[in-house]
Every structure is written in structure tokens, then in C-alpha cells.
Protein chains: 2
Amino acid sequence: MAVTIKDVAKEARVHMSTVSRAFSMPHRLRPETRTRVLEAARRLGYRPSRVARALTTGRTHNIGFIVADIANPFFPPMIKAAEHAARARDYHLFIADASEDPAIETELVDALAKQVDGVVLCGPRIANAKIERLSENIPIALVNRKISGIPSVTMDVVHGAETAIAHLLELGHRKLAYVSGPRQSWTNGQISRTVTAASEGRASVTVLGPNTPNENAGLAVAEQIADSGVTAVLAYNDLLAIGLMEGLHNLGVDVPGDVSVIGVDDTVLARLARPRLTTIVVPTADAGTAAVDLLLQYTAGDDELAARTAGQVSLPTQLVVRDSTAPPPGAASA
Amino acid sequence: MAVTIKDVAKEARVHMSTVSRAFSMPHRLRPETRTRVLEAARRLGYRPSRVARALTTGRTHNIGFIVADIANPFFPPMIKAAEHAARARDYHLFIADASEDPAIETELVDALAKQVDGVVLCGPRIANAKIERLSENIPIALVNRKISGIPSVTMDVVHGAETAIAHLLELGHRKLAYVSGPRQSWTNGQISRTVTAASEGRASVTVLGPNTPNENAGLAVAEQIADSGVTAVLAYNDLLAIGLMEGLHNLGVDVPGDVSVIGVDDTVLARLARPRLTTIVVPTADAGTAAVDLLLQYTAGDDELAARTAGQVSLPTQLVVRDSTAPPPGAASA
DNA sequence: GACCGCCTTGCAATCGTTTGCGTAATTTTA
DNA sequence: TAAAATTACGCAAACGATTGCAAGGCGGTC
């Protein structure tokens, strides 16, 4: 079949172990032998078998990357960044799509566990307790979830949501709604709590959901929004926000004239939608990179518990005001 | 470390080989022993090591999936479908992003070759000759490229482009432009040739490009379009089309009033853009599924060349007319 | 009751690396 | 210049599975 270490050994007239060392510990070889081996390897087009290597070393140099839904434009930039970061460190990424289903997600971790050095869970829908249990078998890093003892990178949506609410209050809105996302989403909890807290005593908040975070769900809640009399809504993500805008449009409700809408994520869609969506920009790509960095650094710990310090990174977010927010109808213009 | 086949053997009081057979050839075991082994395995939480298995069998049960740019919304649905299809057959997907660079793409194939059973090249930017050479070392399946002897799934963009041109001609356009994509893209060649052929003797065609297939590039060609006097343009993909619309808008050129625009792919963006983009819908998800099916079926061939029949699938495309196309300025209304 | 054949299971080699250990070769030290 | 220390490299045992071969048990046939 392919050329193995044995072939190279024969070609270079040395033992296989010497070939192995020529790659892994070049300084332990006499320069002359080293170049002879390397040269032979080059001539034969030798590439070490990662599989065989993994078997002895116990490290596969692979990372599992599990996302809730690849088709959600929130994820691709994150995957892209993670993939590049991983490759830069000679790692490869297994991608898996959990379809927003905790059971599938768990099963994926188990299935992948045997052939990766660690798993990144992006926007996990699994319960904390279960994640902790899984992380006893395989190193796990989290994106958009915080669990003590487990490395994680989160986006500071609290700050983003506070800014968003402040923006709405300043425009004069007093009846707000939060179109919530999946119940199991940590981010959703964060935003939801922040919305209520930040409006306390200054505006009423209706919570609608939980919803699957896609356009159809957004479209579906439009009617409730229209009937509720709220003048501004924050949605769990851009997809819901955009679906909602579409739905409101269909019902003859003007955005932002009658109702203001704010999304979260700042996906490409936000800039493209008309009216262009006011949204909270989150550093997706940075999160992807940070997650693999954290995971790799976590798994590098040799002394089991000792070196395994679980880093926790929080990334800043920021409100970007576009055309989907305006003062409520009948308000004195701002 | 983890529980191995040996642990299970001990627990079930049989030899390792029996444990192995309990999974791979259950009918060769006495029912009694089989259940005893399976029960022991369950009790211990045994999961066979894919790595070790790969070493002996030579099959990793992994597939490499290389795309030109994950962030291009054309790909995620394809990746998602491919991932699900693969999983249904107990395979996992390595995703890699070639960043539109042939050199990186080649390097990725080489790097992945050692740990996958085959690779899917989506919208490859590598030259045919090189692909043929690579496919001698590792089974390859193609999406959006046709090479005889290599399994491939292509989208019938010729038909789509013909329909698009027919649509424009019928609206009364006589000065057309094609905003081309990457030179190395097979699809780009197909469309380009079709546009010229289909307009032959009925309209003039200006070709602008090649361009990197993203919004910025589209934005950049807007000026040339505005100056050229063309009344309708077909773009290599939605991204270019949308960037172009944005650019034209900035220049005060009305779409579709002054210039009609047609994209390709029907990504989410097409429905969201304003005006909503007329585009050629291509079955991305189907392509993803078909590609892994083809690849797997190709690699299953035991008799080397004999069973290795390279399937070639062509998927239908279709024009969807939205709001970005209209009769040229000054034409009698349609 | 000896022989044959099938069914079930154990044995051991193998896949392609890595790595601890040992030894030959070389250099340093006294 | 002999002994000690170091260096360069070979040997062989892992890693965790799969699989061809063989052996033992059993029932059936003549």
C-alpha cells in the first residue's frame, strides 16, 4: 500500500526507530544520518500515519467541533476561524451538527470521544450536569456556556443586552418584548434575565417563547407581537429577528415605524435585511480561535489535574444601531 | 485509560477475538456467549477504538470534506447534508477550508489522505490534471467539477443560465454582462460559455472578472457596470450579485429599474436582499448527500478497478424570478 | 464405534508508529 | 591512555483492535 516507516528505514539503511526520531527528536541524531533519513523520506514521499501514531501516543491530533446548527449563519465564521487555528497547530477538525437536539449532541460527544483529543461544544443544549459528566471522559471546551472547572469562552451578551435596552428606553419605548431562543441555551438565559433586570421599573417586558432560533419561528411569533401592543422587541438572534420583521411586514406592521426590532449576532443577514437590522455584534471568529486555543492548552496538561487549569474567556459585545429601531409611534421625535 | 477489548474479554471470560466477533460477526457466536460478551461490554461502557480498528482494517470511517470557503453561505447547507448522510453510514467528516487557494487545497488533500477513506472536493480550485494525480493516492469525489473516471456531482447550471438569459432576452434586454467568478471554478466556465452562447446574435455580452466570489468584489465592479451601459447582469453567485446591487444602489443606479441583476445559488441572502434577488436555485443539500454517497460507493469497490465505477450525477437547477429583474429602461412594458 | 464435518472459540500475527532500554561508538576527563 | 561520560542508534515491546488458522466439542452417518 502506502510507503511506511519501514520502507524509509530500508532506503536510508537505518532502523525504523531512527526514522521515527529523525522526525520527532531530530537533535538526537547525527546530522549526517538525519539528512540521509530525511532525504530518503522525501524521495519516497513518506508521510507518517497519523492513525498509527495516535495508537501509541494516545493523541490523535484531532478535535471534535459540535455546533447546534451549521446552517445557522452564526456558526460558519466560528468554524472557519477554529479550523484555521487548529490547522496552524497541526490539528484537524471533526465537524458535527447536533440539530439543536441535546440527545444527538450527547451521542456525538460519545461517538467522537474515541478519535479526538478533545471536543468543543458550541452553544451546547445539554444540561450542565451532563456536560460535567462527559468532561470526565474527554476534555471539553465550551462556547457560550460557563461551567466552573471547564474551559469556556463566552460572549458578554449581558453588556450587549443592557446597551440594547438602554437604547430602546432612550428612544422612549415602555412596552418591550423578548423573543426568546431555545430553553437550553445559556445565552438565552443571560439575555432574558438582563432584559428583565434592565427594564425593571422603567418598562414592561413580555417574554415570548422558547423558540427554535430560525426564521420560521420568528415569522410565527409576528402575530403575537402585533397583538401584544409592544413597541419594541429584542430577539434571541438575527434569524428570529429577521423572520419576525418579515412576519410583521406581512401583517402590515411597519418596522421601525410601529415596532422596533433588535437582533443578536450581527450575521451577514443583519446588514442585508431591509430595514437593516439593529443588532448586537458578537465576536464569533475570535470565539472559535479562543476555543481551540483553550482546549489545546487544557489537554496539554501532563500532570492530569495539576496543569489542567480551566481558562475562562469572556469576549466583548457591542450594539450596532441600524435602521430597525426608532422612537415608538406617537412619541416626540428624538 | 479507557476500557479496551481486553477488559471486556476478561469480564466475559472469553478471548479478545471473541469479543471482536461479538460485534463484527455476531452470527458466528453461540447466542449464549454473544449476549454474555455484549452484556459485559455494556456494563463496562466499552466503545471500540476507531483508531486501532483503522490500523488493522485500513478503513478509518472518516471522510475529508474540503470546501473553498466555509463562510460562503453556499456551503453550509451542503456540509450539513453531507455530515448527516455520513453519520447515517457511521462515518465522520473532517472539514477543511481551502480559502479559495489551490495550493492550500492540494496540501489539505495530502494532509488528510492519511486519515480518511476518501475526500470530497467541493468547488475545487485545483487543475484537473492535479486532481487526477491526487486521486491515484486517495479516492476523490467532486462537487461542481466533471472529470472522466472520477465520481462527481454537478449542478446543471447550463440549463439554469440558459433560462436566466432567456428570461432577460424576453424582458427586452440587449446589452448583458456576466460578472465572473474565480478562473479555476468549473461552474464559472460553464456559466460563462452558456451566457455567450445563449446570447449569440441576440444580445451583446461583456464579461467582467475574474472576481473573488464575495460581496466586496461585487461592490467593486458596480462602477464598471454603471459605466458600461449594460441593462442586465448575471453574476457568478449571490454574493457577487448582492454586493453589486449594493454598489449600484450607492451609485444611484436603480435595480431593477436601470439594471437587472441575477444571481446564482439561491442562498438565504437572495430572499433577504432588497430588492429580493432573482437567482438560479441549485440543490446544495442534495449535492452534499450525493457526494458522500458516491464517494462511499466508490471506495467500497474491493476489486480495485473493477468495482470502482465512477458515478456521475447531474442535479437540476431552476430559475426563480424575484424582484431584481425587470424590463430595461425605456422598454415597452412587458 | 470410528470417521467426518460443522460450529464455536482460542491463538498469534499483523497494522505503522513510538519509546524505554541496552549497547556500540565516540568524546571527555584525569 | 585507560576509565568515565556521553552520544548515536538498534532492539523489541507496546498501543487496541482484526482475522486466518487451528483445535476442541459435538452430532450424524455407515
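Reading guide: rules and limits
Residues numbered from 1 in each chain as written. Chains lettered and ligands numbered in written order. Predicted model: local features only at pLDDT ≥ 70, side-chain atom pairs only at ≥ 80, totals over all residues. Heavy atoms only, no water. Helix = DSSP H or I, 4+ residues; strand = E, 2+ residues; numbered from the N terminus. Buried < 20%, exposed > 50% of the residue type's maximum accessible area, 1.4 Å probe, protein only. Contact = heavy atoms within 4.5 Å. Buried area = accessible area lost by both parts, 1.4 Å probe. Salt bridge = Lys/Arg side-chain N within 4 Å of Asp/Glu carboxyl O. Polar contact = N/O pair within 3.5 Å; in protein donor to acceptor, adjacent residues only side chain to side chain. Nonpolar A, V, L, I, M, F, W, Y, C, P; charged D, E, K, R; others polar. Pairing = 2+ DSSP bridges. Near = heavy atom within 4 Å. Phe/Tyr/Trp six-rings, centres within 6.5 Å; stacked < 30°, edge-to-face > 60°. Least-squares fit on C-alpha atoms with pLDDT ≥ 70 in both. Domains from an automatic or database assignment. Expected span 1.5 Å × (residues − 1). Core = buried A, V, L, I, M, F, W, Y, C linked by side-chain atoms within 4.5 Å. Axes fitted to C-alpha atoms, helices over the stretch in contact; angles between N-to-C directions. Left-handed = near helix turned anticlockwise from the far one by under 90°.

Some details on the overall build of chain A
Next, step 1: When helices and strands are counted, chain A shows 13 helices and twelve strands.
Next, step 2: Structurally, chain A occupies a C-alpha span of about 90 × 35 × 30 Å along its principal axes.
Next, step 3: With 334 residues in all, chain A has 54% of them scored as buried.
Next, step 4: Once local pairs closer than 6 in sequence are excluded, the contacts in chain A between residues at least 24 apart make up 69%.

Quick notes on the interface of chain A and chain B
Next, step 1: The partner chain B presents 43 residues to the 43 residues of chain A that form the contact.
Next, step 2: For the chain A and chain B pair, buried surface summed over both sides reaches about 3,900 Å², with 62% attributable to carbon and sulfur atoms.
Next, step 3: When the buried surface of chain A facing chain B is broken down by residue, A:Arg47, A:Lys114 and A:Leu272 rank first, second and third, together holding 18% of it.
Next, step 4: Residue A:Lys80 pairs with B:Asp69 through a salt bridge whose shortest N-O separation is 2.5 Å.
Next, step 5: The tally of links from chain A across to chain B stands at 14 residue pairs in polar contact (both at pLDDT 80 or more).
Next, step 6: Contributing elements (two or more residues each) for the side of chain A that touches chain B: helix 4 (50-57), helix 5 (76-88), strand 2 (92-97), helix 6 (102-113), helix 11 (238-250) and helix 12 (268-272) of chain A.
Next, step 7: Per-class residue counts for the side of chain A that touches chain B are 23 nonpolar, seven polar and 13 charged.
Next, step 8: Note that strand 2 of chain A and strand 2 (residues 92-97) of chain B share two bridges and pair antiparallel. Of the residues in strand 2 of chain B, the one forming a bridge with A:Leu93 is B:Ile95.

Some details on the protein's contact with DNA strand C
Next, step 1: Taken together, 26 residues lie near DNA strand C, and A:Ile5, A:Ser20, A:Thr56, B:Thr18 and B:Thr33 sit nearest.
Next, step 2: When the atoms of DNA strand C within 4 Å of the protein are sorted by group, sugar and phosphate make up 58%.
Next, step 3: Within the residue set of the surface near DNA strand C, elements represented by two or more residues are helix 2 (16-24) and helix 4 of chain A together with helix 2 (16-24) and helix 4 (50-57) of chain B.
Next, step 4: With five residues, the top contributor of residues to the surface near DNA strand C is helix 4 of chain A.

Some remarks on the packing of aromatic side chains
Next, step 1: Inspection of every chain in the model, using the stated rule, returns five aromatic pairs over all chains.
Next, step 2: Taking 5.8 Å as the distance between ring centres and 50° as the angle between the ring planes, the aromatic pair formed by A:Phe23 and A:Tyr46 counts as tilted. Highlighted residues: A:Phe23 in helix 2 and A:Tyr46 in the loop between helix 3 (31-44) and helix 4, separated in sequence by 23 residues.
Next, step 3: Each ring, one from B:Phe74 and one from B:Phe75, has its centre 5.0 Å from the other, and the planes form 80°; the classification is edge-to-face.
Next, step 4: The class of B:Phe74 is buried, set by a relative accessible area of 9%.

Thoughts on the protein's contact with DNA strand D
Next, step 1: Taken together, 26 residues lie near DNA strand D, and A:Thr18, A:Thr33, B:Ile5, B:Ser20 and B:Ser49 sit nearest.
Next, step 2: Per the 4 Å cut-off to the protein, sugar and phosphate atoms form 60% of the nearby atoms of DNA strand D.
Next, step 3: Between B:Ser20 and DNA strand D, the recorded distance is 2.5 Å, taken from a side-chain N or O atom to a phosphate oxygen.
Next, step 4: Between B:Ala52 and DNA strand D, the recorded distance is 3.4 Å, taken from a backbone N or O atom to a base nitrogen.
Next, step 5: For the surface near DNA strand D, the secondary structure elements donating two or more residues are helix 2 and helix 4 of chain A together with helix 2 and helix 4 of chain B.

Here we look at the relation of the copies chain A and chain B
Next, step 1: Turning chain A through 180° and shifting it by 0.0 Å along the axis lays it on chain B, with an RMSD of 0.1 Å. Read as a symmetry element, the transformation amounts to a two-fold axis. Taking C-alpha positions as the reference, the residue of chain A nearest the rotation axis is A:Phe94, at 2.3 Å.
Next, step 2: By residue overlap, the copies meet face to face through one surface: 100% of the interface positions of chain A are interface positions in chain B.

A few points about the pattern of salt bridges
Next, step 1: Overall, the coordinates contain 30 salt bridges over all chains when judged by the stated rule.
Next, step 2: As a salt-bridge pair, A:Glu246 and B:Arg274 come within 3.8 Å of each other at their nearest N and O atoms. Taken together, the residues A:Glu246 in helix 11 and B:Arg274 in the loop between helix 12 (268-272) and strand 10 (278-281) connect one chain to another.
Next, step 3: Given the relative accessible area of 30%, A:Glu246 is considered partly exposed.
Next, step 4: With its nearest N and O atoms 2.5 Å apart, the salt bridge here joins B:Arg50 to B:Asp90. Placement of the pair is B:Arg50 in helix 4 and B:Asp90 in the loop between helix 5 (76-88) and strand 2, with a sequence separation of 40 residues.
Next, step 5: The class of B:Arg50 is buried, set by a relative accessible area of 16%.
Next, step 6: Given a relative accessible area of 42%, B:Asp90 falls into the partly exposed group.
Next, step 7: The network of salt bridges with common partners includes A:Glu11, A:Glu39, A:Arg42 and A:Arg43.

Some thoughts on the side chain of B:Asn62
Next, step 1: Within the secondary structure, B:Asn62 is located in strand 1 (residues 62-67).
Next, step 2: With sequence-adjacent residues up to four places away left out, B:Asn62 is seen in contact with A:Phe94, A:Gln115, B:Tyr91, B:His92, B:Phe94, B:Gln115, B:Val116, B:Asp117 and B:Gly118.

Observations concerning the domain arrangement of chain A
Next, step 1: As assigned here, chain A comprises domain 1 (5-48), domain 2 (60-155 + 284-316) and domain 3 (157-282).
Next, step 2: Computed over C-alpha atoms, the centres of domain 1 of chain A and domain 3 of chain A are 61 Å apart.

A few points about helix 10 (residues 215-228) of chain A
All names here are of chain A.
Next, step 1: For helix 10, built from 14 residues, the straight-helix expectation of 20 Å at 1.5 Å per residue is met to within 8% by its first-to-last C-alpha distance of 20 Å.
Next, step 2: Regarding helix 10, the residues found buried are Ala217, Gly218, Val221, Ala222 and Ile225.
Next, step 3: Along its buried surface, helix 10 packs onto strand 6 (175-179), strand 7 (204-208), strand 8 (232-235) and helix 11.
Next, step 4: For helix 10, the N-terminal capping position is held by asparagine 214, with its side-chain oxygen 3.3 Å away from the main-chain nitrogen of asparagine 216.

Concerning the nonpolar core
Next, step 1: Core analysis: the biggest nonpolar cluster contains 150 residues, and A:Phe65, A:Val261, B:Phe65 and B:Val261 have the highest contact counts within it.
Next, step 2: Core analysis: the next-biggest nonpolar cluster, separate from the first, contains 36 residues, A:Leu108, A:Leu112, A:Leu142 and B:Ile138 among them.

Topic: the sheet that holds strand 10 (residues 278-281) of chain A
Adjacent strands of a sheet pair through backbone hydrogen bonds, lying either parallel or antiparallel.
Residue and element names in this part refer to chain A.
Next, step 1: The six strands lie next to each other as 7-6-8-9-10-12, forming an open sheet whose pairing is mixed. Edge positions in the open sheet fall to strand 7 and strand 12 (318-320), since each of these has one partner strand only. When strand polarity is set aside, the average angle formed by the axes of neighbouring strands in this sheet is 20°.
Next, step 2: Pairing between strand 6 and strand 8: four bridges, direction parallel. Paired with valine 179 across the bridge in strand 8 is alanine 235.

A look at the side chain of B:Thr60
Next, step 1: Checked against the element boundaries, B:Thr60 lands in the loop between helix 4 and strand 1.
Next, step 2: For B:Thr60, a relative accessible area of 9% puts it in the buried group.
Next, step 3: Within the structure, B:Thr60 has its side chain in polar contact with the backbone oxygen of B:Gln115 (distance 3.4 Å).
Next, step 4: Those residues in contact with B:Thr60 that sit more than four places away from it in its chain are A:Val51, B:Arg50, B:Ala54, B:Gln115, B:Val116 and B:Asp117.

Remarks on the packing of helix 8 (residues 157-171) of chain A against helix 9 (residues 186-199) of chain A
All names here are of chain A.
Next, step 1: Contact pair helix 8 / helix 9: the axes reach a minimum separation of 9 Å and the direction vectors enclose 40°. Taken as a pair, helix 8 and helix 9 cross one another with a handedness that is right-handed. From helix 8, Val157, Val158, Ala161, Glu162, Ile165 and Leu169 reach across to helix 9, where they touch Thr187, Gln190, Ile191, Thr194, Val195, Ala198 and Ser199.

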